[in-house]
Amino acid sequence: MVSFLSTFSSTSVIDMDRELLEKTAMELVAPGKGILAADESNGTMSSRLEAVGVEPSPETRRSYRTNIFSTQGYEDAISGIILFDETIRQSMDDGTPIPEYLASRGIHPGIKVDTGAKDLANHSGEKITEGLDGLRERCAEYFRMGARFAKWRAVIKIGDGLPSDANISTNAHALARYASICQEQGLVPIIEPEVLMEGDHDAQTCYDVTARILDATFDECNVQGVHIPGALLKPNMTLPGKDCSVQGSREMAAQMTVDCLASHVPFDLPGIVFLSGGQSDEDATAHLNLMNAMDNEHPWQLSYSYGRALLAHALQTWASGSNEESQQAFAHRAKMNSLARSGDWSVDLEV
Ligand code: 13P
């Protein structure tokens, strides 16, 4: 049996690092708070700007994002913001580096560290996320720049015979290696295995595939020695494909999501921060609200790490010329999702 004294006296640097990771992870999922994913790659952000009639450039990407970041009062709803490599190196209008500005407002800067999903050899239509080469050095640099957490996204497509075992095992392995390297460098890893909503599959198929990738990912995390209390999971919700003829109720989606997670996620993980994945703003909020309002006993915080469901409307209003309305649109969605963290959102708050 380990006595209190012997545990205390054997506390090593590694134990202290682990405690810091756990503290940061808990802060990221503090009650009422969630994460803003503003880490679209330059390619994705440029397409989104073009879609609303704005010429993409480093300056338009910076200007749009810094306007969002300087919104008043959203610290109550947002604990961390995930940045892209270009953005973490940019500054606010007054010259303050963006990570320094966010930290001064009590918001943890985060960083997307994968280098994108590439074609998986010999597996048509499937992707493997790359970025492990040089990751240790990049994480060390991002930590020095102020980042305290990171994100890596794997994409899993459902289709005829998909996903393959190769798709599941390669992505699970990469997610675990990424998580291990991040923790070594002091960054809390957000582990994101996203089962895509594209397709006509039903909700049960989404459930089964989500269970497969979660099992494989946490098995690999175990092999790689990932410290689960110092990590966060960013999964999809359990939803039918966008083209499925039976869409089901919000209640059913919330229940299936919690059931799937309860059977396939370790209980010492501090929090689950969902992606929105193409759901409407209101669906993303309503599903989270229902999960948090349920009686189900689960050990993790259920929170958000939304991109589009927090910013889609804010981008449109910014493009139409109003910085202030864009900030209001973002602040509103942040507030709605903050309420959903405790099951206190309702649809009449949307008007
Ligand atoms: P969405 O909420 O738009 O799906 O984005 C979250 C994210 O970070 C995907 O990697």
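Here is a short report on the structure shown in this document. Note that this is a predicted model, so its numbers are computed, not measured. (Residues numbered from 1 in each chain as written. Predicted model: local features only at pLDDT ≥ 70, side-chain atom pairs only at ≥ 80, totals over all residues. Heavy atoms only, no water.)

**Quick word on the overall build of the protein chain**
Right, on to step 1. A tally of helices and strands in the protein chain yields 13 helices and ten strands.
Right, on to step 2. On C-alpha atoms alone, the protein chain measures out to a radius of gyration of 20 Å, which is about the 20 Å that the 2.2 N^0.38 rule sets for 351 residues.
Right, on to step 3. If one aligns the C-alpha atoms of the protein chain with their principal axes, the spans along those axes are about 65 × 50 × 45 Å.
Right, on to step 4. Looking at the 351 residues of the protein chain, the share that counts as buried comes to 53%.
Right, on to step 5. When the accessible surface of the protein chain is totalled, it reaches about 15,000 Å², and 51% of it is carbon and sulfur.
Right, on to step 6. Each charge class in the protein chain can be summarised by its mean position, and for the 28 positive and 50 negative side chains these summaries are 5 Å apart. (Helix = DSSP H or I, 4+ residues; strand = E, 2+ residues; numbered from the N terminus. Rg over C-alpha atoms; globule rule 2.2 N^0.38 Å. Buried < 20%, exposed > 50% of the residue type's maximum accessible area, 1.4 Å probe, protein only. Areas by Shrake-Rupley, 256 points an atom, 1.4 Å probe, with all protein chains shown as cover. Lys, Arg positive; Asp, Glu negative; His and termini not counted. Charge placed at Lys NZ, Arg CZ, Asp CG, Glu CD.)

**Regarding the site of the ligand**
Right, on to step 1. Inspection of the region around the ligand gives 13 residues, with K151, K234, S276, G277 and R308 positioned closest.
Right, on to step 2. Residue E192 places a side-chain N or O atom 2.9 Å away from an oxygen atom belonging to the ligand.
Right, on to step 3. Protein coverage of the free-state accessible area of the ligand, which is 300 Å², stands at 92%.
Right, on to step 4. Within the residue set of the shell around the ligand, elements represented by two or more residues are β6 (149-156) and β10 (301-306).
Right, on to step 5. When the residues that make up the shell around the ligand are grouped by side-chain class, the tally is three nonpolar, four polar and six charged. (Near = heavy atom within 4 Å. Polar contact = N/O pair within 3.5 Å; in protein donor to acceptor, adjacent residues only side chain to side chain. Nonpolar A, V, L, I, M, F, W, Y, C, P; charged D, E, K, R; others polar.)

**Topic: the side chain of N167**
Right, on to step 1. Assignment of secondary structure puts N167 in helix α8 (residues 165-184).
Right, on to step 2. Filtering out sequence-adjacent residues up to four positions away, N167 remains in contact with L120, E126, K127, V155 and I156. (Contact = heavy atoms within 4.5 Å.)

**Some details on the nonpolar core**
Right, on to step 1. L36, F69, I78, I81 and Y178 are the most contacted members of the largest nonpolar core, which has 90 residues in total.
Right, on to step 2. If one sorts the elements of this core by residue count, α8 sits on top with seven residues.
Right, on to step 3. Apart from the residues lying within four places of it in its own chain, the contact partners of I81 are L36, A38, F69, Y74, L102, I107, H108, P109, G110 and F149.
Right, on to step 4. By size, the runner-up hydrophobic cluster in this structure holds nine residues, among which are I168, A172, C206 and A216. (Core = buried A, V, L, I, M, F, W, Y, C linked by side-chain atoms within 4.5 Å.)

**Regarding the layout of surface pockets**
Right, on to step 1. Its boundaries defined by the atoms lining it, the largest pocket holds a volume of some 610 Å³.
Right, on to step 2. Lining the largest pocket are 30 residues, with R48, K151, R153, E194 and R308 positioned closest to its centre.
Right, on to step 3. Those elements giving two or more residues to the lining of the largest pocket turn out to be α3 (42-51), β6, β7 (188-195) and β10.
Right, on to step 4. Per element, the largest residue contribution to the lining of the largest pocket is three residues, and it comes from β6.
Right, on to step 5. Among the residues forming the lining of the largest pocket, the class breakdown is eight nonpolar, nine polar and 13 charged. (1 Å grid on protein atoms, 1.4 Å probe; cavity = no way out; pocket = protein on both sides within 12 Å on 5 of 7 lines; lining within 4 Å. Points joined across faces, edges and corners; volume = space filled by probe spheres on them.)

**Here we look at the packing of aromatic side chains**
Right, on to step 1. For the structure on display, the rule yields five aromatic pairs.
Right, on to step 2. Residues Y74 and F330 carry aromatic rings whose centres are separated by 5.2 Å and whose planes lie at 65° to one another, so their mutual orientation is edge-to-face. Of the two residues, Y74 is situated in the loop between α4 (58-69) and β2 (78-83) and F330 in helix α13 (residues 323-340); the sequence distance between them amounts to 256 residues.
Right, on to step 3. When the ring centre of F143 is taken as reference, the NZ or CZ atom of R148 above it lies at 3.8 Å. (Phe/Tyr/Trp six-rings, centres within 6.5 Å; stacked < 30°, edge-to-face > 60°. Lys NZ or Arg CZ within 6 Å of the ring centre and 35° of its normal.)

**With respect to α3**
Right, on to step 1. For α3, the complete set of buried residues consists of M45, S46 and L49. Along α3, the residues classed as buried sweep out an arc of 100° about the axis, all on the same side. In α3, the exposed positions angled more than 90 degrees off the buried face are occupied by E50 and A51.
Right, on to step 2. Those residues of α3 that are buried are in contact with α4 and α12 (308-319).
Right, on to step 3. With its phi angle positive at about 80°, G53 sits one or two positions after the end of α3. (Arc of directions from axis to C-beta.)

Remember, this is a structural readout, not a statement about activity or role.
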